[in-house]
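One letter stands for each residue in the lines below.
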Amino acid sequence: VRAEVVENGNELDTLMKDSDPEIRRLVAEKGHKLDVLMNDKDARVREAVALRGHKLESFKNDESSAVRKVAARRGVNLETYVNDEDKDVRAEVAKHGYGLDKLEDDPEDRVRQEVVKQGHNYEKMINDSNWAVRAEIARNGYGLDKLVNDKSKQVREEIERIESQRNRQKRIDEGKDV
């Protein structure tokens, strides 16, 4: 019932103090009293505030990785988040093309894959231990002559897919495959 009241935009001043964090989260989603709710003890409420884009710089040291990830996704506090303990936050930093020289050596495969998606340092990354990183390089057309003999079946299959697409496009361009 209280959720419906929030949905209708009624009693928001009262419901922003509700004991149920889900109700407070719904109030934040409505954009009501964000200056107060940004300091809520529940991370889901603070995340809802961050998703509204409210004072993202203020969440620089938030204890919740979900909140920090929202800020990083919006390109805020990247200089701090490049060193974040959470791999998802660092992956968001890489998506912005920030700190790639540092993140190319990240211990997490997912972060290095995001680095490669930015087109960064293929020469080094082509030797990465993770097949998904090398497959991403192949998707971008780099080092196919080397990767065609990759130890990973997934990388070799990606190259086969790329070659098949190129051959089909060539036939279309020549008017042989319409």
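Scoring rules and cut-offs
Residues numbered from 1 in each chain as written. Predicted model: local features only at pLDDT ≥ 70, side-chain atom pairs only at ≥ 80, totals over all residues. Heavy atoms only, no water. Helix = DSSP H or I, 4+ residues; strand = E, 2+ residues; numbered from the N terminus. Rg over C-alpha atoms; globule rule 2.2 N^0.38 Å. Contact = heavy atoms within 4.5 Å. Areas by Shrake-Rupley, 256 points an atom, 1.4 Å probe, with all protein chains shown as cover. Salt bridge = Lys/Arg side-chain N within 4 Å of Asp/Glu carboxyl O.

J.: So what's going on with the overall build of the protein? Residues and values would help.
T.: Within the protein, the regular secondary structure consists of 14 helices and zero strands. Each helix (α) and strand (β) of the protein, taken in turn from the N terminus, gives the series α-α-α-α-α-α-α-α-α-α-α-α-α-α. For the protein, the C-alpha radius of gyration of 23 Å lies well beyond 16 Å, the compact-globule estimate for 178 residues. Each of the three principal axes of the protein carries a C-alpha extent, and together these read 65 × 40 × 25 Å. Considering only contacts in the protein between residues 6 or more positions apart, those separated by 24 or more positions represent 6%. As displayed, the protein offers around 10200 Å² of accessible surface, 42% of which is attributable to carbon and sulfur atoms.

J.: Give a description of the pattern of salt bridges that names residues and reports values.
T.: Across all of its chains, the model carries 25 salt bridges by this definition. With a shortest N-O distance of 2.7 Å, Arg 68 and Asp 84 are connected by a salt bridge. Placement of Arg 68 in helix 6 (residues 65-73) and of Asp 84 in the loop between helix 7 (78-81) and helix 8 (87-95) is noted, with a sequence separation of 16 residues between them. The closest approach of N and O atoms between Arg 139 and Glu 136, which form a salt bridge, is 2.6 Å. With Arg 139 and Glu 136 both in helix 12 (residues 131-139), this residue pair falls three residues apart, about one helical turn. Connected through shared salt-bridge partners, Glu 136, Arg 139, Glu 158 and Arg 161 make up one network.

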